[in-house]
Amino acid sequence: MCGIVGYVGDKEAAPVLIKGLKRLEYRGYDSAGIAVLGRAGLEIRKSKGALKKLEERIAGELGEGALDGSMGIGHTRWATHGEPSDINSHPHTDVSGKIAVVHNGIIENHAKLKSRLIEHGADFRSETDTEVIAHLINFYYEGDILQAVIRAMKRLEGSYALGIICGNNPDRIIAVRKESPLVVGTGKGENLIASDVPALLEYTRDVYYLDDREIAVLYRDRIEFYNEEGERRLKESHHIKWDAAAAEKSGYEHFMIKEIHEQPKALRDTLRARIKTGDTNINLEEIGFDASWAKMERVIIAACGTAWHAGVIGKYAFEKFARVHTEAEIASEYRYRNPIFNPKDIFLIISQSGETADTLAAMRLAKKGGARIIAITNVVGSTLAREADLVMYTLAGPEIAVASTKAFTTQLMCIYLISLQLGRLRETIGDTELTDHIEALKRLPEQAERILSEKENIQRFASLQFNKSKVFYMGRLFDYAASLESALKLKEISYTHSEAFAAGELKHGPIALVDDTTLVTALCTQPALFDKMGSNIKEVKARFAATAVITYEDVDYFDKTADQVFRIPRTLDSLSPILTVIPCQLYAYYCSVLRGLDPDKPRNLAKSVTVE
Ligand code: M6R
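Residues numbered from 1 in each chain as written. Predicted model: local features only at pLDDT ≥ 70, side-chain atom pairs only at ≥ 80, totals over all residues. Heavy atoms only, no water.

What about the domain arrangement of the protein chain?
When cut into domains, the protein chain gives domain 1 (3–246), domain 2 (254–453) and domain 3 (454–612). Between the C-alpha centres of domain 2 and domain 3 there is a distance of 24 Å. At the interface, 49 residues of domain 2 touch 45 residues of domain 3. In this assembly, domain 2 packs against domain 3 so that about 3900 Å² is buried in total across both faces, 67% of it on carbon and sulfur atoms. Connecting domain 2 to domain 3 are two salt bridges. Counting every contact that joins domain 2 to domain 3 gives 20 residue pairs in polar contact (both at pLDDT 80 or more). Broken down by secondary-structure element, the contributors of at least two residues to the side of domain 2 that touches domain 3 are helix 6 (255–261), helix 7 (263–272), helix 8 (305–322), helix 10 (357–368), helix 12 (406–426) and helix 13 (431–453). Ranked by residue count, the leading element in the side of domain 2 that touches domain 3 is helix 13, at eleven residues. Taken together, the residues of the side of domain 2 that touches domain 3 sort by class into 27 nonpolar, 15 polar and seven charged. (Domains from an automatic or database assignment. Contact = heavy atoms within 4.5 Å. Buried area = accessible area lost by both parts, 1.4 Å probe. Salt bridge = Lys/Arg side-chain N within 4 Å of Asp/Glu carboxyl O. Polar contact = N/O pair within 3.5 Å; in protein donor to acceptor, adjacent residues only side chain to side chain. Helix = DSSP H or I, 4+ residues; strand = E, 2+ residues; numbered from the N terminus. Nonpolar A, V, L, I, M, F, W, Y, C, P; charged D, E, K, R; others polar.)

Dropping the structure here:
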């Protein structure tokens, strides 16, 4: 959701900015722009639509004297205030045209600020909330851009990550963030900013994660950090260990299919960090999950989208293994609900990006209420990781596709590890049951590989079904939770109307929707409920729906009932979502491609939802 880049160094800035923006395309955008400060002063180019359009627009100018500076900022915009258009694209400038700003986030008091600034002579050209920032900085500008930014920050309400350049201070970029992600990269003779690490990796692996309301001033040869009072701060850099190739497609047609295939490795890495080869103990002491957590009386899980689906599975897992009362809450609902807290609550927050606005708000609310916070996230140094009491990282590597896949299955791996360990600490799970589950967890990466090796079966099925107008997923218990995720995957990238039902709810309403244009896929991995699922499948068949079942390879129970049966390796019933979701991810991917869509860039969606 909006991408920011900035460069100051010896290279021509424009190509570096465009390259950086390309690396951020996955975040979702509808227009793009750059500002370069060079011999010709501040030059801005922006364009509605794909980055390619902007690239083509400036291609002819490069080398012709235009846009030839070695410092600049760039932006991909995901419209919030004002339609996608050239004029609403960033960068935005002040009246004098000397200050340029790129912004990710929402300025909540922009209307009030705008009318005050108009009274002081500002002339607004766009409908964006961002433009007020440029005019406000200009209002406070008395020769020092840093001081002007500090004064402007005090007036801004809402969330922002900002890249700012000023024609009168042509040797520096100002970067600042509040509740929106921004990373600062430090190279040799060049320094950069970006919304996310992949945009920096070609130039450096050494990065600084800005804290809320912290300011970085980037010069070609140094970076200075300040707090919002303008006092200097010292900061430690982090070295990024993952390979730049991890953020490339590596021969796959799309990031999504690449990331689906990366799941066995991601699961293995996430597991091995906590259970050493040959060991049967879960080691979470290193991350601070010690015996003190056993005294907690309730687990509240909060997250959004796919991460919330992982949370629903978490609810079942915590209740089963640790016998602790658990709720799975949608973060955007939770934050406005005036919830009841208890200092004996474990608040488990799940987020791939660690930057989702609603998820962060729910966490801060719980923290204020006295709960102890555990974060499961994929992004080292993310806001979530920095603000939680304890962090467990999913070692999935960068997830670029908007549709989350490997983040989901590794989130589940973390949830199983924490819930099993809590069960051990609370003595609610016996030694044999614990060991059985640990051994079963260890088999999952290889079992995921086997499912992927048979992906052609899913592709064939998708080629027959991809035009179905309605696709429903149903299941019970862990299968219901996995159905929620399967339906989301299909709707977000194939635009098929897709829903998930707890199979027991079928007769309470959803069956009214079932007809001969419907495909119903039943996830059936809970043997105690096979009879019930069998009846549900017969009920939808009687309404002329096409039916498919995903079940274990040694189960023939559904062979005569369903039109199509897909088999997955046998695992323990509570761990099955890690496996059942993979054929559903593949099905969503193939449907998207067969419908001629780009699964990596679904319409209207952004990778990281950093505003409400
Ligand atoms: O980064 P987060 O895990 O906090 O993101 C939460 C959701 O926005 C995300 O899972 C979204 O639902 C994805 N598009 C799912 O594929």
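Alright, that's what it looks like, and here's the rest.
Brief notes about the packing of aromatic side chains
A ring pair, where both rings are aromatic, is described by two values, the distance of the centres and the angle of the planes. Following the criterion strictly, the structure yields 14 aromatic pairs and no others. With a centroid separation of 6.4 Å and 55° between ring planes, the pair formed by Tyr7 and Tyr203 is classed as tilted. Taken together, the positions of Tyr7 in strand 1 (residues 3–8) and Tyr203 in the loop between strand 10 (191–194) and strand 11 (206–209) put the pair 196 residues apart, joining distant regions of the chain. For Tyr7, a relative accessible area of 0% corresponds to the buried category. Summarising the aromatic geometry, the rings of Tyr557 and Phe558 are spaced 4.9 Å apart at their centres and angled 65° between planes, so their arrangement reads as edge-to-face. Residue Tyr557 is classed as partly exposed on the basis of its relative accessible area, which comes to 37%. Phe558 sits in the buried class, given a relative accessible area of 0%. Taking NZ or CZ as reference, Arg372 lies 3.9 Å from the ring centre of Trp293, over its face. (Phe/Tyr/Trp six-rings, centres within 6.5 Å; stacked < 30°, edge-to-face > 60°. Buried < 20%, exposed > 50% of the residue type's maximum accessible area, 1.4 Å probe, protein only. Lys NZ or Arg CZ within 6 Å of the ring centre and 35° of its normal.)

A look at the packing of helix 3 (residues 110–119) against helix 4 (residues 131–140)
One way to put it is that helix 3 packs onto helix 4 with a least axis distance of 10 Å and a crossing angle of 50°. Accordingly, the angle class assigned to the pair helix 3 and helix 4 is oblique. Remark: the crossing between helix 3 and helix 4 carries left-handed chirality. Packed against helix 3, whose contacting residues are His110, Leu113, Lys114 and Leu117, the element helix 4 presents Val132, His135, Leu136 and Phe139 at the interface. (Axes fitted to C-alpha atoms, helices over the stretch in contact; angles between N-to-C directions. Parallel < 35°, antiparallel > 145°, perpendicular 65-115°, else oblique. Left-handed = near helix turned anticlockwise from the far one by under 90°.)

Some remarks on the nonpolar core
One finds Ile34 and Tyr416 to be the most contacted residues of the largest nonpolar core, which totals 139 residues. In terms of residues, this core owes the most to one element, helix 17 (residues 577–594), which gives eleven residues. Counting residues in hydrophobic clusters, the runner-up holds 32 residues, among them Ala122, Phe124, Ile164 and Cys166. (Core = buried A, V, L, I, M, F, W, Y, C linked by side-chain atoms within 4.5 Å.)

Some thoughts on the pattern of salt bridges
All told, the structure shown has 44 salt bridges when counted by the stated rule. A salt bridge links Arg232 to Glu224; the nearest nitrogen and oxygen atoms lie 3.8 Å apart. Overall, the relative accessible area of 56% leaves Arg232 in the exposed class. By relative accessible area, which is 11% here, Glu224 ends up buried. In this structure, the salt-bridge partner of Arg298 is Asp345, at a minimum N-O distance of 2.7 Å.

Let's talk about helix 2 (residues 51–59)
Burial in helix 2 covers these residues: Leu51, Leu54 and Ile58. Looking straight down helix 2, one finds its buried side chains confined to an arc of 60°; they lie on one side. Opposite the buried face of helix 2, at more than 90 degrees from it, the exposed residues are Lys52 and Glu56. Along its buried surface, helix 2 packs onto helix 1 (13–23), strand 2 (31–38) and strand 3 (41–48). (Arc of directions from axis to C-beta.)

Brief notes about the environment of Arg23
Mapped onto the secondary structure, Arg23 falls in helix 1. Taking relative accessible area as the criterion, Arg23 reaches 28% and is therefore assigned partly exposed. The spacing of Arg23 and Gly3 is 20 residues in sequence and 9.2 Å in space, taken between C-alpha atoms. Residues within four places of Arg23 in sequence aside, it is in contact with Pro198, Ala199, Glu202, Ala247 and Glu248.

Observations regarding the sheet that holds strand 18 (residues 345–351)
Taken in spatial order, the five strands make up an open sheet running 17-16-18-19-20, and their pairing is parallel. Two strands bound the open sheet, and with one partner strand each, they are strand 17 (325–330) and strand 20 (390–393). Here the strands of the sheet are splayed against their neighbours by 20° on average, with no regard to which way each runs. With five bridges connecting them, strand 16 (residues 298–303) and strand 18 associate as parallel partners. Residue pairing across strands places Arg298 opposite Asp345, the latter belonging to strand 18. Where helix 12 meets the sheet, its contacts fall on strand 16, strand 18, strand 19 (372–377) and strand 20, and the angle it forms with strand 19 comes to roughly 145°. (Pairing = 2+ DSSP bridges.)

Observations concerning the site of the ligand
Taken together, 14 residues are adjacent to the ligand, and Ser351, Gln352, Ser353, Thr356 and Glu492 come closest. Taking Ser351, its side chain carries an N or O atom lying 2.6 Å from an oxygen atom of the ligand. Separating an oxygen atom of the ligand from a backbone N or O atom of Gln352 is a distance of 2.6 Å. Expressed as a share of its isolated accessible area of 410 Å², the protein-covered part of the ligand is 91%. Of all the secondary-structure elements, those providing two or more residues to the shell around the ligand are helix 8 and helix 15 (478–494). Here the shell around the ligand is composed, by residue class, of five nonpolar, seven polar and two charged. Both of domain 2 (254–453) and domain 3 (454–612) provide at least three residues apiece to the shell around the ligand. (Near = heavy atom within 4 Å. Areas by Shrake-Rupley, 256 points an atom, 1.4 Å probe, with all protein chains shown as cover.)

What about the environment of Glu190?
Here Glu190 is to be found in the loop between strand 9 (183–186) and strand 10. A sequence separation of 180 residues divides Glu190 from Asp10, and the C-alpha atoms of the two residues are 6.7 Å apart. What Glu190 contacts, discounting residues up to four positions off in sequence, is Tyr7, Val8, Gly9, Lys11, Tyr203 and Arg220. A distance of 2.7 Å separates polar atoms of two side chains, one belonging to Glu190 and the other to Lys11.

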